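Understanding the architecture of this molecule
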Amino acid sequence: MRQRVVIAGGAGFIGYHLSTRLSHEGWSVVIVDNFATGTHRNAAELEQPDTCRVVTHDVCDPLTVEGPVDYVVNLACPASPVDFSRVPVEIMRVCSEGTLNLLELALHKGATFLQASTSEVYGDPEVHPQEESYTGNVNINGPRSVYDEGKRYAEALCTAYARKYRLPVRIARIFNTYGPRMRADDGRVVSNFIVRALQGQPLELYGGGQQTRSFCYVSDLVDGLFRLLQSDADSPVNLGNPAEYTIAELADAVLKLTGSDAGTEDKPLLHRDDPKRRCPNIERAKTLLGWEPRVVLEDGLEQCVPWFREFV
Ligand code: NAD
Ligand code: UDP
């Protein structure tokens, strides 16, 4: 039988790719988005009379969807660190009120719920690499806390619905993901670096660039989400690429790929709580989902260049 999925935040970066994949799998997709950080271009390119419908709605307001729903996916939340100071209250509201409304929708429809959580729940981690049992090191009042604590609250709320109402809940702890359809000006490192390299401007290394991240190409992430949705994993699962790079190494890779001689320059950190090391342990995803990333950084970055060239 044809599956029907509601994707909150489906007009954003990951939402675009997940909606595309699920439409291709023959699923019927209903996107709910208020375009806080999503784009009308994504929505227009996704919308198809028989497979994908777009509804403009803020999920902080209760919502109803006509007809059966098999899955509810909650991607709705501004996700760039630049947004943490730009729209802090909106982030906390969408993580709390928005998640609550979407859980109620799933409960009402008898649907499985998937929450897009984040590696940020681990804060500035003292355990490395991060496995799901690690409870994190988050500064409650720091500049990143609106997102970190919002996402931690959302996980707790999802777990409460699973325990109290036996709602099937899947929680993806997503690590840094990149690819085409990222907004060129959203402030995240991959978009910033490629755009600046193409403009011939030095790539800015916040705090000197010795902090690490691991970068997952979006098609790999979407494949992990697709498997998780259909799994019976009833506790959080890390989804990310375990290849760890310093930000300075990422800058070198981008400069090499684009043939740019713009170089790098050191800049102050945006947030003092900027995590120093981040890398997922993905053993649980391997075991439960048979999933691991396939796209290496150089290949993924190459796929992004034509997309960002449009904005330069
Ligand atoms: P994005 O900003 O491109 O997408 C978020 C989408 O949610 C946008 O379309 C936005 O308009 C929508 N949205 C925000 N507030 C809303 C509201 N109140 N009502 C309805 N829609 C709303 O970001 P993304 O990178 O695609 O991230 C998607 C999800 O994945 C987010 O929840 C994010 O926290 C999570 N995540 C992303 C990454 C990453 O590296 N991209 C890493 C970890 C977690
Ligand atoms: N960063 C950087 N230059 C930039 C943008 C980001 O050095 O132009 C650093 C940032 O300080 C962080 C890392 O790159 O340590 C990843 O930043 P991003 O905003 O992509 O996501 P985060 O992992 O911090 O949520």
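Please refer to the structure higher up on the page.
One numbering rule holds for all chains: residues counted from 1, following each sequence as written. To label them, take the chains in the order written and letter them from A, then take the ligands in the order written and number them from 1. This being a predicted model, a pLDDT of at least 70 is required before a residue's local features are given, and a value of 80 or more before pairs of side-chain atoms are given or counted; all residues contribute to the totals for chains, interfaces and linings. Note that the side-chain values use all heavy atoms of the structure and ignore hydrogens as well as water.

**A look at the overall build of the protein chain**
Counting from the N terminus, the helices are DSSP H or I runs at least four residues long and the strands are E runs at least two residues long. Across its full length, the protein chain holds ten helices and 13 strands. Taking 20 Å as the expected radius of gyration for a compact globule of 312 residues, we find that the protein chain reaches 19 Å, a close match to that expectation. Once the C-alpha set of the protein chain is aligned to its principal axes, its extents read approximately 55 × 40 × 35 Å. The buried share of the protein chain, reckoned over its 312 residues, is 56%. Whether two residues are in contact is decided by their heavy atoms: any pair within 4.5 Å suffices. Considering only contacts within the protein chain whose residues lie at least 6 apart along the sequence, 82% involve residues at least 24 apart. Throughout, the Shrake-Rupley method with a 1.4 Å probe supplies accessible areas, and for residues the shown protein chains are the sole cover considered. By element, 48% of the accessible surface of the protein chain is carried by carbon and sulfur atoms, the whole surface being about 13,600 Å². Using C-alpha atoms as the atom set, the radius of gyration is obtained and then compared with a globule rule of 2.2 Å times the number of residues to the power 0.38. Relative accessibility thresholds used throughout: buried, under 20% of the residue-type maximum; exposed, over 50%; partly exposed, between the two (1.4 Å probe, protein chains only).

**Brief notes about helix 10 (residues 297–309)**
In this scheme, a helix's expected span is set at 1.5 Å multiplied by one less than its residue total. The terminal C-alpha atoms of helix 10, which comprises 13 residues, lie 18 Å apart, in line with the 18 Å expected from a rise of 1.5 Å per residue. Of the residues making up helix 10, those classed as buried are Leu297, Gly300, Leu301, Cys304, Val305, Trp307 and Phe308. Tucked inside the fold, the buried residues of helix 10 contact helix 2 (40–46), strand 7 (177–178), helix 6 (189–199), strand 10 (216–217), strand 12 (244–246) and helix 8 (247–258).

**Looking at the site of ligand 2**
Any residue with a heavy atom lying within 4 Å of a molecule or strand is counted as near it. Around ligand 2, a shell composed of 17 residues is seen, among which Asn176, Val189, Glu204, Arg213 and Asp274 lie nearest. Throughout this description, a polar contact denotes any pair of N or O atoms lying within 3.5 Å of each other; where both atoms belong to protein, one of them has to be capable of donating a hydrogen while the other can accept it, and for residues adjacent in sequence the pair is counted only when both atoms sit in side chains. For ligand 2, an oxygen atom lies 2.8 Å from a polar atom in the side chain of Asn176. For ligand 2, the protein covers 95% of the area, taking 510 Å² as the surface of the free molecule. Sorting the residues of the shell around ligand 2 by element identifies helix 6 and strand 8 (203–206) as the ones contributing at least two each. Of the residues that constitute the shell around ligand 2, the class distribution is six nonpolar, four polar and seven charged. Amino acids outside the nonpolar list (Ala, Val, Leu, Ile, Met, Phe, Trp, Tyr, Cys, Pro) and the charged list (Asp, Glu, Lys, Arg) are all regarded as polar, and Gly is one of them.

By themselves, these figures tell us nothing about what the structure is for.
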